[in-house]
Amino acid sequence: MIKDLTVGNPGTVLWKFCLPLFGSVIFQQMYNISDSLIAGKFIGETA
(Lines give C-alpha, C1' and ligand atoms only; values in the text may rest on other atoms or scores of the structure.)
Protein backbone atom coordinates (compact mmCIF):
# COMPACT_ATOMS: atom_id res chain seq x y z
CA MET A 1 0.00 0.00 0.00
CA ILE A 2 1.38 3.37 -1.03
CA LYS A 3 0.19 6.42 0.94
CA ASP A 4 0.86 9.86 -0.51
CA LEU A 5 1.52 12.17 2.45
CA THR A 6 1.44 15.27 0.23
CA VAL A 7 -2.30 14.97 -0.49
CA GLY A 8 -5.07 15.97 1.93
CA ASN A 9 -5.42 18.02 5.07
CA PRO A 10 -1.95 18.40 6.65
CA GLY A 11 -3.27 18.05 10.21
CA THR A 12 -5.06 14.80 9.47
CA VAL A 13 -2.12 13.40 7.53
CA LEU A 14 0.30 14.23 10.35
CA TRP A 15 -1.94 12.62 13.00
CA LYS A 16 -2.28 9.44 10.95
CA PHE A 17 1.49 9.37 10.52
CA CYS A 18 2.33 10.10 14.17
CA LEU A 19 -0.20 7.87 15.98
CA PRO A 20 1.94 4.70 15.65
CA LEU A 21 4.96 6.69 16.87
CA PHE A 22 3.05 7.91 19.94
CA GLY A 23 1.87 4.38 20.63
CA SER A 24 5.39 3.00 20.51
CA VAL A 25 6.72 5.76 22.78
CA ILE A 26 3.99 5.09 25.36
CA PHE A 27 4.65 1.33 25.20
CA GLN A 28 8.40 1.89 25.66
CA GLN A 29 7.86 4.16 28.67
CA MET A 30 5.50 1.67 30.29
CA TYR A 31 8.08 -1.08 29.74
CA ASN A 32 10.85 1.04 31.31
CA ILE A 33 8.71 1.92 34.34
CA SER A 34 7.69 -1.68 34.96
CA ASP A 35 11.27 -2.88 34.45
CA SER A 36 12.55 -0.34 36.97
CA LEU A 37 9.92 -1.35 39.52
CA ILE A 38 10.58 -5.06 39.13
CA ALA A 39 14.37 -4.73 39.10
CA GLY A 40 14.30 -2.36 42.07
CA LYS A 41 12.11 -4.70 44.07
CA PHE A 42 13.95 -7.99 43.42
CA ILE A 43 17.57 -6.95 42.88
CA GLY A 44 17.81 -4.48 45.75
CA GLU A 45 20.61 -2.09 46.61
CA THR A 46 23.42 -4.64 46.41
CA ALA A 47 23.31 -4.80 42.60
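What comes next concerns the included structure. (Residues numbered from 1 in each chain as written. Predicted model: local features only at pLDDT ≥ 70, side-chain atom pairs only at ≥ 80, totals over all residues. Heavy atoms only, no water.)

### Side note on the overall build of the protein
Here is step 1: If you tally the helices and strands in the protein, you get one helix and zero strands.
Here is step 2: For the protein, the spread of C-alpha atoms along the principal axes amounts to about 55 × 20 × 10 Å.
Here is step 3: Taken over 47 residues, the protein has a buried fraction of 2%.
Here is step 4: For the protein, the exposed surface amounts to about 4600 Å²; the carbon and sulfur share of it is 70%. (Helix = DSSP H or I, 4+ residues; strand = E, 2+ residues; numbered from the N terminus. Buried < 20%, exposed > 50% of the residue type's maximum accessible area, 1.4 Å probe, protein only. Areas by Shrake-Rupley, 256 points an atom, 1.4 Å probe, with all protein chains shown as cover.)

### A closer look at a nonpolar patch on the surface
Here is step 1: Taken together, the side chains of I26, M30, I33 and L37 make up a nonpolar region of the molecular surface, amounting to roughly 440 Å² of accessible area.
Here is step 2: Look at I26 and you get exposed, because its relative accessible area is 54%. (Patch = residues over 30% accessible without salt bridge, like charges linked within 9 Å, V, L, I, M, F, W, Y side chains within 5 Å. Salt bridge = Lys/Arg side-chain N within 4 Å of Asp/Glu carboxyl O.)

### Brief notes about helix α1 (residues 10-42)
Here is step 1: Taking 1.5 Å of rise per residue, 33 residues should cover 48 Å, and α1 covers 48 Å from first to last C-alpha, within 8% of that figure.
Here is step 2: The largest bend in α1 comes to about 35 degrees, at C18, with the proline P20 one to four residues further on.
Here is step 3: Immediately beyond the C-terminal end of α1, within one or two residues, lies G44, with a positive phi of roughly 85 degrees. (Expected span 1.5 Å × (residues − 1). Bend = angle between axes of the 7 residues up to and from the residue.)

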